[in-house]
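Survey of secondary and tertiary structure
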Amino acid sequence: MKAIRTIGIAAAATLAAGVANAQISDDVVRIGVLSDMSSLYADIGGPGSVAAARMAVEDSGIEKNGIKVEVIGADHQNKPDVGASVARQWYDVEKVDVILDTPNSAVALAVNQVTREKNKVFINSGAASSDLTGKQCSPNTVHWTYDTWMLANGTGSAIVKTGGDTWFFLTSDYAFGHALERDTEAVVVKNGGKVLGKVRHPLNTQDFSSFLLQAQASKAKIIGLANAGGDTINSIKQAAEFGIVQAGQNLAGLLVFLSDVHSLGLKTAQGLILTESWYWDLNDQTRAFAKKFAPKNGGKYPTMVQAGVYAGTLHYLKAVQALKSDTDGSKVVAKMKETPTDDPLFGKGTIRQDGRKVHPAYLFEVKKPNESKGPYDYYKVRATIPADQAFRPVDQGQCSLVKG
Amino acid sequence: MATAAYSIGAPAKQTSPTHQYVAFGIMAGFFAIAPFIGIYPVFMMKVLCFALFACAFNLLIGYVGLLSFGHAMFLGTAGYISAHSAKVWGFPTELAILTATATAASLGLVTGCLAIRRQGIYFAMITLALAQMIFFFYLQAPFTGGEDGIQAVPRGKLLGVFDLENDMIMYYFVLAIFLAGFLLIYRTIHSPFGQVLKAIRENEPRAISLGYKTDHYKLMAFVLSGALSGLAGGTKAIVFQLASLTDANWPMSGEVVLMTLLGGLGTVFGPVVGAFTIVAMQNYLAQFGAWVTVVQGAIFVVCVLLFRRGIIGELSKLINRPL
Amino acid sequence: MFELLGIPPQALFGQLLLGLINGAFYALLSLGLAVIFGLLNIINFAHGAQYMMGAFVAWMLLNYLNVGYWWALLLAPIVVGITGVIIERTMLKHLYKLDHLYGLLLTFGLALIIEGLFRNYYGSSGQPYQIPAELTGGRNLGFMFLPNYRAWIVVSSLAICLVTWYVIERTKLGSYLRAATENATLVRAFGVNVPRMITLTYGFGVGLAALAGVLAAPVQNVSPQMGSSLIIIVFAVVVIGGMGSIMGSILTGFGLGVIEGLTKVFYPEASNTVIFIIMAIVLLIKPAGLFGRAT
């Protein structure tokens, strides 16, 4: 399913001369969706994100007001250098004004840098790194949807409060895994829980039996999966094989998406506890969105990342319309922060000084096969974390934009 | 045992190299004016870095007959050292790149001592194993930033004066580095040292019987190849202002093989053409996702079956002169 | 109870058993590679992709044709084996007179094509595939819970490995194959159709990879990348065991599985690297591998 527009040939363009400030650059607002179109995150963001951005442009009605908008997409292949190159080329040559999505924290951080240099806008929906609104925060970046702090806090504290007070961590041995483990451990301990042990596995491990055995032996009530993608899927699949959940321990997925649950199937994934900030079946508006979205995305229902792309695009276009200009990235972002957000997917919310979009988070549990009444009907809500508690307090992130 | 299968690009006799000077002129001229004819400078810088990488790799396979499947370790190591020294230790850009090159050379010395002892498929496998070990080290070492890589590397100022944040200035700096490396390789190939390397490739026992300590020569070639790969990697980290795991991972080793194969193993200009083609293809097919992988695989297959001489190799055969 | 380096013996036995199970899997996977290299001198880099195809064909059989696991065990290797035969007939046979490394480059390219096509068509997240009903559950061995499916993996891998080894080393057909590697012309002079034997051998090796894929499908994520993570490890196994030796790769597969298992207990972060360290050491001391014949 290719909903991707082709990027024009770069060789022909010359660098533009300065553009007047109170105008739309080039007379077109160009939106670039930079995502992983072909590997690990393709189902989480990917072509679906491009479709989401397009839907947002349509729904915003901005073209009726005479402002032209164009949406293009590209694949960063999960490589920071490819991502940074495409971002540079987009900004310098193709005159893209805003970049969206970008799952994969390494790529996101690189694009964050380039965007600040070129004074454009970056609305990240797919990446997890809380550094985007922390040490690497930028006046040109908005971080929508989720981050590691939200995941750790949501899953960690909510589970401990509902009785899961002894933990064993299965951690992917690289920076992201360590960060997730560290943040979750801090939350568990703060809420009175205990960490009975942890084991680090290499990235892209195929066989988890040995690590799961250690987790079983620890007799911890909760096995926290501080890993992502294929590693998480393999851990869960093999945990089912070893009867871990039947024997009484519960798995907590620290980074799990709807598409992962779809790959696993309910029989294997049932009982898994996870935190997401959006689900298609939360209310009538989200359901309506999903029904419109699925046919544009090969029948796959939207993930929270794709929802974030939609909502972020809507809010961006609102700001551009209000300013009647898209040329100065930091001004557009400032306008986005000034204006409270209100979209059909995330409802009412705000964007903080550090670029963090705040909205409630939800603790979900994966349904049993007989509880599911239709395609993608996978989650039931176990708890709702209100917006002011879901994300790291604005003064704790070491962001230079936060005053006082 | 490595056979003479890679001698395809070897000249039958050493004719006057005027045509090579002409080719060099065309290449240097094209690169010099590229930004002015509208080609995006950052794209060209990527081409130049990979062209240098491929030329360095070609030194080993084309002229010594050793296929290394682990060259990514040099690119990656140099990238990390260059990025780290520029960002954290505050080295000026030239020093950062030099440090990176020196580190890659030392790595070449250590790994070379281990790898040189074997040949053919075993050599390839050892280099792969060593590169993988180094990759896993980088995956876990805190200084590399793991999956995040080292970000926000400063471009710095050339000689303390010229601001390298300006893409055009940076471009000519990178071009200068590339030409220097290229000329160094060219001199090496056409020197007595290079002749001994070719003798080793053609018939090692004979070279030994003539009194040459072939292991030393092979090791020196390996170190040189590693050092120049490091030069490419160190420069690339400054150009893109980041160093990531991608450069140290084994698919990268596969890519440089592809570039050299496509351009022409054992030819002088082949790796440059190969690198240009592959980087351009990756760039313009980026929006087509996994098709890039498929196309690269198809190029491999087609080259091996039908096109073993590569682009420059075929051209060279056409004009009946070594290129 | 005493503890060995902080690990109680019960846990240790459990890990050893798991290591053995993984080893059986590695042995099966490297068997195909060893057969292909040992008999044909081809380095089949596409082995990982063919393993992945085996798993995918099993999934396709289930999803599109409603054919279950047991039939897939038979059909998937045949289907993938046929693609192997096609590859050999159209592409590989032109490379026999050249250096082995061209074979490696060709199969490397094929691996990229296969993986890219599957990723394009099926995405990367993976497809669900369940353990067949007859093999679910497990039994408590006292020191660990052993899933029935894992026991099945060990038993079937061992059986297939031994049968293959027997056929190649102890039967007439096997001896023809081995003779043909050493001197094809002479064997042809005896009236044996050598090219056909070589084609079928490649197909058989590929089929073995696919079979390993079907065995893996219920317990690993069936995704286009599943082969590329494993191919490097399998190479290491074959290189350590000796590239021409069937029994060598079987024993090395089991051995490395156990070593990897122990590493996962005492120093899990290094469990990926330990195989390469051993490979580098073996290559330096005994390049033909632990059981290999010097070429």
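Note: the structure precedes this text.
Residues numbered from 1 in each chain as written. Chains lettered and ligands numbered in written order. Predicted model: local features only at pLDDT ≥ 70, side-chain atom pairs only at ≥ 80, totals over all residues. Heavy atoms only, no water.

**Details of the overall build of chain A**
Tallying secondary structure elements over chain A gives 13 helices and 15 strands in all. A compact globule built from 404 residues should have a C-alpha radius of gyration of about 22 Å, and chain A, at 21 Å, falls within 12% of that. Counting only C-alpha atoms, chain A reaches 65 × 45 × 40 Å along its principal axes. Buried residues in chain A amount to 67% of all 404 residues. For chain A, long-range pairs separated by at least 24 residues make up 71% of all intrachain contacts whose partners lie at least 6 apart in sequence. Surface exposure of chain A reaches about 13,300 Å², of which carbon and sulfur atoms provide 52%. Side-chain charges of chain A comprise 44 positive and 40 negative groups, with the mean position of each set lying 3 Å from the other. (Helix = DSSP H or I, 4+ residues; strand = E, 2+ residues; numbered from the N terminus. Rg over C-alpha atoms; globule rule 2.2 N^0.38 Å. Buried < 20%, exposed > 50% of the residue type's maximum accessible area, 1.4 Å probe, protein only. Contact = heavy atoms within 4.5 Å. Areas by Shrake-Rupley, 256 points an atom, 1.4 Å probe, with all protein chains shown as cover. Lys, Arg positive; Asp, Glu negative; His and termini not counted. Charge placed at Lys NZ, Arg CZ, Asp CG, Glu CD.)

**Notes on the sheet that holds strand β4 (residues 121-124) of chain A**
Residues and elements named next belong to chain A. Here we have 5 strands laid out as an open sheet, ordered β2-β1-β3-β4-β5, and parallel in their pairing. On the outer flanks of this sheet lie β2 (68-75) and β5 (141-143), each paired with one strand and no other. Mean inter-strand twist for the sheet, computed between neighbouring axes without regard to direction, equals 20 degrees. Pairing between strand β1 (residues 28-35) and strand β3 (residues 98-101): 4 bridges, direction parallel. Among the inter-strand pairings, leucine 34 is bridged to a residue of β3, identified as aspartate 101. On top of the sheet, helix α2 (residues 80-94) reaches β1, β2, β3 and β4; it is set at about 170 degrees to β1, its chief contact. The sheet contacts of helix α3 (residues 105-118) involve β1, β3, β4 and β5, and relative to β4 the element is tilted by about 160 degrees. (Pairing = 2+ DSSP bridges. Axes fitted to C-alpha atoms, helices over the stretch in contact; angles between N-to-C directions.)

**Focus on the nonpolar core**
Counting residues in each nonpolar core, the largest one holds 338 residues, and the members touching the most others are Tyr316(A), Phe31(B) and Phe178(B). Phe178(B) has contacts with Met27(B), Phe31(B), Leu48(B), Ala51(B), Leu52(B) and Val272(B), leaving out every residue within four places of it along the chain. Val82(A), Val107(A), Leu109(A) and Phe122(A) belong to the second largest nonpolar core, which has 18 residues in total. (Core = buried A, V, L, I, M, F, W, Y, C linked by side-chain atoms within 4.5 Å.)

**A closer look at the state of the cysteines**
All names here are of chain A. Enumeration according to the criterion identifies 1 disulfide over all chains in this entry. Paired through a disulfide, cysteine 137 and cysteine 399 show a sulfur-sulfur distance of 2.0 Å. Looking along the S-S bond of the cysteine 137-cysteine 399 disulfide, the torsion reads about 90 degrees, which is the right-handed sense. On the criterion of sequence distance, the pair formed by cysteine 137 in the loop between β4 and β5 and cysteine 399 in the segment after α13 (387-390) is long-range, its members being 262 residues apart. With respect to burial, cysteine 137 and cysteine 399 carry one shared label: buried. (Disulfide = S-S within 2.5 Å.)

**Describing helix α2 (residues 47-65) of chain C**
All names here are of chain C. The end-to-end C-alpha distance of α2 is 26 Å, a good match for the 27 Å that 19 residues give at a rise of 1.5 Å each. Burial within α2 is extensive, with 14 of its 19 residues counted as buried. Positive phi shows up at asparagine 66, right after α2, with a value of about 55 degrees. (Expected span 1.5 Å × (residues − 1).)

**Brief notes about the interface of chain C and chain B**
If you look at the interface, chain C gives 40 residues, while chain B gives 40 residues. Carbon and sulfur atoms supply 79% of the area buried between chain C and chain B, which totals about 3,700 Å² over both sides. A per-residue breakdown of the area chain C buries against chain B is headed by Leu101(C), Tyr102(C) and Leu284(C), which together make up 18% of the total. Scanning the region where chain C abuts chain B turns up 0 salt bridges. Summed over the shared surface of chain C and chain B, the number is 1 residue pair in polar contact (both at pLDDT 80 or more). For the side of chain C that touches chain B, the secondary-structure elements that each account for two or more residues are α4 (100-122), α9 (226-241) and α11 (274-285) of chain C. Broken down by element, the residue count for the side of chain C that touches chain B peaks at 14 residues, all from α4(C). (Buried area = accessible area lost by both parts, 1.4 Å probe. Salt bridge = Lys/Arg side-chain N within 4 Å of Asp/Glu carboxyl O. Polar contact = N/O pair within 3.5 Å; in protein donor to acceptor, adjacent residues only side chain to side chain.)

**A look at unusual backbone geometry**
Residues and elements named next belong to chain A. One non-glycine residue, asparagine 78, lies in the positive phi region at around 60 degrees. Summarising the element assignment, asparagine 78 is placed in the loop between β2 and α2. Since its relative accessible area comes to 17%, asparagine 78 is described here as buried. With a phi angle near 60 degrees, glutamine 398 is a residue other than glycine that sits in the positive phi range. Following the sequence through the fold, glutamine 398 ends up in the segment after α13. Owing to a relative accessible area of 61%, glutamine 398 belongs among the exposed residues under this scheme.

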